[in-house]
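Fold and geometry: a report
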Amino acid sequence: MPPVPIDAASAATRAAELRREIEHHNYLYYALDTPELSDAAYDSLLRELREIEEAYPELVNAESPTQRVGTAPLQLFAPVQHASRMYSLDNAMDLDELDAWLARVRAAVGERGCAFTCELKIDGSSLALTYEDGTMVRAATRGDGKVGEEVTPNIRTVRDVPLRLRDEARPAGAADTLFAEEAAPWPALEVRGEIYMPKASFERLNEEQLAADAAPFANPRNAAAGSLRQKDSSVTASRDLATFMYAIADPRALGIRRQSEVLEWLRLAGFHVNPDVVTCADASAVHDYCASALDRREALPYEIDGVVVKVDELSLQDELGYTSKAPRWAIAYKFPPEEKTTVLREIRVQVGRTGVLTPLAEFEPVTVSGSTIARATLHNEDEVRRKDVRVGDTIIVRKAGDVIPEVVGPVAGMRPEGAVQWTAPTHCPSCGGPTWREPGEVAVRCTNVACPAQRLERIGHWASRGATDIDGMGSEIIMRLVETGAVHDIADFYTLSADQLAALDMGRVKKDNTPVTLGETVAAKLLASIEASRHRTLARVLFGLGIRHVGASVAEALAGAFGSLDALSAASAEEIATVEGVGPKIAAGVRAFLDNPDNLEVIEKLRASGVSLEDERTEPARPQTLAGLTFVLTGALERFTRDEATAELKALGAKVSSSVSKKTSYVVAGEDAGSKYDKAVELGVALLAEDDLARIIETGQAPEATS
Ligand code: AMP
Ligand code: ZN
């Protein structure tokens, strides 16, 4: 590697040369997929540039390839107005719907006829890149289609995004000026496409996530969106993201007349453009492309969920125009949900906290829609009968809504001889107690109240996040506490000592054959969590008790109406049934629970251990400035737990709901926000970042509506 030049002028010249060369190799590598330089040589160029820039910091600029590594956090996620609306696409769910669309277009176009471009529908996140004077100045998400969120520093780390457009793509009449300084300026451009994570990178990322004890991503689309929405762009830089660009906000500014020319120009300008595109003269060619895309889907290194068919001619696109939501000149043909076959090994029965026996299909692991699945719930006995799946069957599996594993049914004709129909066990697989199916109900239950599986589930439920939230009390520790006899019921958590926890035998041995114990550090943390769990709201306590039919929202209603466990205990079933959201069935369940002497004993033990069984009744301390507003929280917040944020908002009079609707006033989107975020965008609900939330909680004032 040559030494760093000693004078600023030659340093500037060398840096410019290096940048041009590096971007050229980026282009060859990412856009054309024809690298000419070894990785080592490429790295050497980059290193030389970095050293020059370190010696002459004034030479660093935004378009330098050294700036791709991820810089300090900037003001991310600021609103960005798109040059023109970013529409979503209408869907054709099957070939008939696709044909109907093709026929509509043909009717509108009439005699003139028209060609269609077919592109793969990349399953990622939409992206808009703004170029001024040929340099990338801004990157934004789609947001609500009019206003997106700024993600520029993160996008700079994505290596196939050109930071500078290639001069070859300059519009005619500008590039051939005699003096470079006088070249006509580039028009301002907004280029659009999809950012995605290749399948292999997704698998690797999830392995790393698991190794680091972090939650894995459900699919490559979530992984891409989550990686893009990082506050620290060096995290984005560490994720292997890529783009396929396919649109220009105003292609006419470049003299372009067709979608196929848009793609050509993008390629020339240095963008990564999917080569898998065809221009079709008629419907049958469109059909062929859709069929072949479906065939090739699995072998592609990235996820696709369909084919986008677009009218090629821009003038015809203009004539066809837009609905309020989507262009009339394009349609997304969606693939049927991916289905795989595998072999059903076992129908295992799980015993839940209320004694319900749930059949679970365990099958040979298969990859479906981007992730590996090996089990799926079969819900109940009737469902197993209806689907008629039997152990040994070759079964068809898929992901419902592309998320939840589901058994579709057996492959007819592949049933091994002697496969028997499944029936719910007459005895509980955990305790051997008799099972019972209430006439008119689908659930089969273990009738033994002392059933260890139920007990384990109930004890775990008490400690779970929605209940008293004993942080760190995971299922393995609970299992060991129960198995070693340290915990029989939920009140026993409060009798545990630090020494007892530290010495807890985890049922495994080290290399030297000594037993693995929990250890002092973990024990101290756990004890602090247990201590904190003594002071939870009544709603959490009621939920945590695991009373039949009392979910989180019923618990909330009961706590609001009665204020203390004693007051609830003193109420009759009729009185309980009058609470809004609580009917006679729930009231009877509550009454039965509170009349059971075993339960009363546990409740008294809780009281004696100092577990709070009532809510402090305080007048609203703060003015109810958020009254009438509904918030929805989604994604991970950094400064608050979701419950804290909820409590703060409620203290100001706001409602906090768990689902997004037109009535939602604001959606607060934290890291890795998922479907609620998408829903908010779809419905045009105002989005807030965690900073906005912090400000609202601090000042008690909601921001002006933005839409
Ligand atoms: P949907 O989100 O199902 O309404 O589909 C619309 C989205 O598909 C667009 O916003 C794009 O992000 C995405 N998409 C993926 N590939 C393409 C493509 N080749 N052309 C247009 N949109 C695409
Ligand atoms: Zn049992």
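Residues numbered from 1 in each chain as written. Chains lettered and ligands numbered in written order. Predicted model: local features only at pLDDT ≥ 70, side-chain atom pairs only at ≥ 80, totals over all residues. Heavy atoms only, no water.

Examining the coordination of the zinc ion (ligand 2)
In a perfect tetrahedron of four donors around a metal, the angles come out at 109.5 degrees. In a perfect octahedron of six, they are 90 or 180 degrees. Selection criterion: Sites may look incomplete because water is not among the atoms; the donors themselves are N, O and S atoms within 2.8 Å of the metal, or within 3.2 Å for Na, K and Ca. Square planar and octahedral assignments, for four and six donors respectively, both demand that opposite donors be over 155 degrees apart and that all other angles lie between 65 and 115; tetrahedral needs four donors with all angles between 85 and 135 degrees, and anything else is irregular. Helix numbers and strand numbers start at the N terminus; a helix is a DSSP run of H or I with at least 4 residues, a strand a run of E with at least 2. Buried, partly exposed and exposed residues are distinguished by accessible area as a fraction of the type maximum, computed with a 1.4 Å probe on protein chains only: under 20%, between the cut-offs, and over 50%, respectively.
Listed as protein donors to the zinc ion (ligand 2) are Cys-428 (SG), Cys-431 (SG), Cys-446 (SG) and Cys-451 (SG); their distances from the metal cover 2.2 to 2.4 Å. Here the zinc ion (ligand 2) binds 4 donor atoms, and the angle range of 98 to 114° at the metal identifies the geometry as tetrahedral. Summarised as a motif, the one-chain spacing of the donors to the zinc ion (ligand 2) is C-x2-C-x14-C-x4-C. Within this pair, whereas Cys-428 is found in the loop between strand S16 (404-410) and strand S17 (435-437), its partner Cys-446 is found in strand S18 (residues 444-446), the two being separated by 18 residues in sequence. Its relative accessible area of 4% is what places Cys-428 among the buried residues.

Some points on the state of the cysteines
This is how the line gets drawn: Criterion for a disulfide: a pair of cysteine sulfur atoms within 2.5 Å.
Counted by the stated rule, this structure contains 0 disulfides. Lacking any disulfide linkage, Cys-290 is separated from the closest cysteine sulfur, that of Cys-118, by 5.8 Å.

Here's the deal with the site of ligand 1
The test is simple: Near, as used in this document, describes a residue that has one of its heavy atoms within 4 Å of the molecule or strand being considered. As used in this structure description, the phrase polar contact means that two N or O atoms lie within 3.5 Å; if the pair is within protein, one of them must be able to donate a hydrogen and the other to accept it, and residues adjacent in sequence are counted only when both atoms belong to side chains. Here the term charged refers only to Asp, Glu, Lys and Arg, the term nonpolar to Ala, Val, Leu, Ile, Met, Phe, Trp, Tyr, Cys and Pro, and the term polar to all other amino acids, Gly among them.
Residues in contact with ligand 1 amount to 13 residues; listed here are only the nearest, Glu-119, Ser-126, Arg-142, Glu-194 and Lys-310. Between ligand 1 and Arg-142 there is a distance of 2.7 Å, counted from an oxygen atom to a side-chain nitrogen or oxygen. A distance of 3.1 Å separates a nitrogen atom of ligand 1 from a polar atom in the side chain of Tyr-246. At the level of secondary structure, the elements contributing two or more residues to the shell around ligand 1 comprise strand S3 (116-122) and strand S10 (304-311). Sorting elements by how many residues they give to the shell around ligand 1 places S3 first, with 4 residues. By residue class, the composition of the shell around ligand 1 is 5 nonpolar, 2 polar and 6 charged.

Considerations on the sheet that holds strand S24 (residues 686-688)
Using the following cut-off: Any two strands with at least two DSSP-identified bridges between them are counted as paired. Note on definitions: angles span 0 to 180 degrees between N-to-C directions of axes, and those axes are lines fitted to C-alpha atoms, for helices only across the stretch in contact. The contact rule is simple, with two residues in contact once any of their heavy atoms fall within 4.5 Å.
The strand order S22-S21-S23-S24 describes an open sheet built from 4 strands, whose pairing is parallel. Both edges of this open sheet fall to strand S22 (655-657) and S24, since each of them pairs with a single strand only. Across the sheet, the mean angle separating the axes of adjacent strands is 30° when strand polarity is ignored. Examined bridge by bridge, strand S21 (residues 630-634) and strand S23 (residues 666-669) share 4 bridges and lie parallel to one another. When the bridges of S23 are listed, Leu-633 appears paired with Val-668. Lying on the sheet, helix H22 (residues 642-651) is in contact with S21 and S22; it crosses S21 at an angle near 170°.

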